[in-house]
Amino acid sequence: MRLRRGISLIGRIAARNLLNIVRIPGNVITVVGLPVLTLVIFSGAFDRITTVAGFPTNQSITWMTPYAAALGAIFAGLGSAFNVQRDIANGFMDRLLVTPASRACLILGEVAGSIGRALIQLVALLAVAIPAGLRMPAGPVALVPLVFLSAGVATWSGLCGLALMYLMRSAQALGAVTGILLLVGVLSTGLAPLRYQLGWLRAVARVNPLTPVLAGGRQGFLGTISWGQTGPALLALVAVTAVLGLLTAFGLRSLTAAR
């Protein structure tokens, strides 16, 4: 019975997160239009990069689609931070904290909503990329790692946003989260393979946890799917999620104590 109530609460919080997409008109543009706009801009701006000797593909759209999905997932996760900021400001968070609901359910509900947003974005992105010539040498199964990429990055973004919002409890946290996550996205192999990066950019991209996740999400679009790329991607997703989950739990405990 307790497990059923917890699952029900997670579902309701996630549904509320998704409903905010249509309740706030600006969210429709962000959720649906952002990844598509990212794909169009970067595919055009970096079109000639595919002519470099040894580049993994001769189509920029094939290289940029997973990166656009990752950036879209980052902003999808930020939706959780926006929701919490609004709930703290209008007092709804205080009402949630005095209920007997598990604190973990409050976190998991927002994260589930972030994943839902990211998957909606992914569908919109693929609806543009596939007709535009996105190649999948591995076949339709290539989409499976991309789904994990999108869901995983949305989880990172959601947890990071929640953690800082619980700790800072103000709209200033939104700017901090956005800046941190965009830096993680840019300082990776999103735009160019590791072999073509030099100096400190290459050093940062090498240790960036998003780098193996992008490699795992791209593999079915560049060739076959292998455990050699899937394993590091899953390890990065689990490790970073665990760290951010602990930070988020600490932040929520701090917020509860302050109330």
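The structure presented is a predicted model; accordingly, all values stated were derived computationally and were not measured.

Cut-offs and rules
Residues numbered from 1 in each chain as written. Predicted model: local features only at pLDDT ≥ 70, side-chain atom pairs only at ≥ 80, totals over all residues. Heavy atoms only, no water. Core = buried A, V, L, I, M, F, W, Y, C linked by side-chain atoms within 4.5 Å. Buried < 20%, exposed > 50% of the residue type's maximum accessible area, 1.4 Å probe, protein only. Helix = DSSP H or I, 4+ residues; strand = E, 2+ residues; numbered from the N terminus. Contact = heavy atoms within 4.5 Å. Polar contact = N/O pair within 3.5 Å; in protein donor to acceptor, adjacent residues only side chain to side chain. Salt bridge = Lys/Arg side-chain N within 4 Å of Asp/Glu carboxyl O.

Moving on, we get to the nonpolar core. Counting 58 residues, the largest nonpolar core has M93, Y166 and V213 as its most contacted members. The set of elements that each furnish at least two residues to this core consists of α3 (60-90), α4 (92-97), α5 (103-129), α6 (143-168), α7 (172-186), α9 (210-222) and α10 (227-258). Excluding residues that lie within four positions of it along the chain, V213 makes contacts with L149, V153, W156, A233, A236 and L237.

If you trace the backbone, R117 turns up in helix α5. Engagement of the side chain of R117 in a polar contact is seen with the side chain of N17, the distance being 2.6 Å.

We now examine the pattern of salt bridges. Counted according to the given criterion, the structure contains one salt bridge. R16 is the salt-bridge partner of D87, the closest N and O atoms lying 2.6 Å from each other. Here D87 is found in helix α3, whereas its partner R16 is found in helix α1 (residues 2-23), with 71 residues between them in sequence. We classify D87 as buried; its relative accessible area is 1%. Classification of R16 as partly exposed rests on a relative accessible area of 24%.

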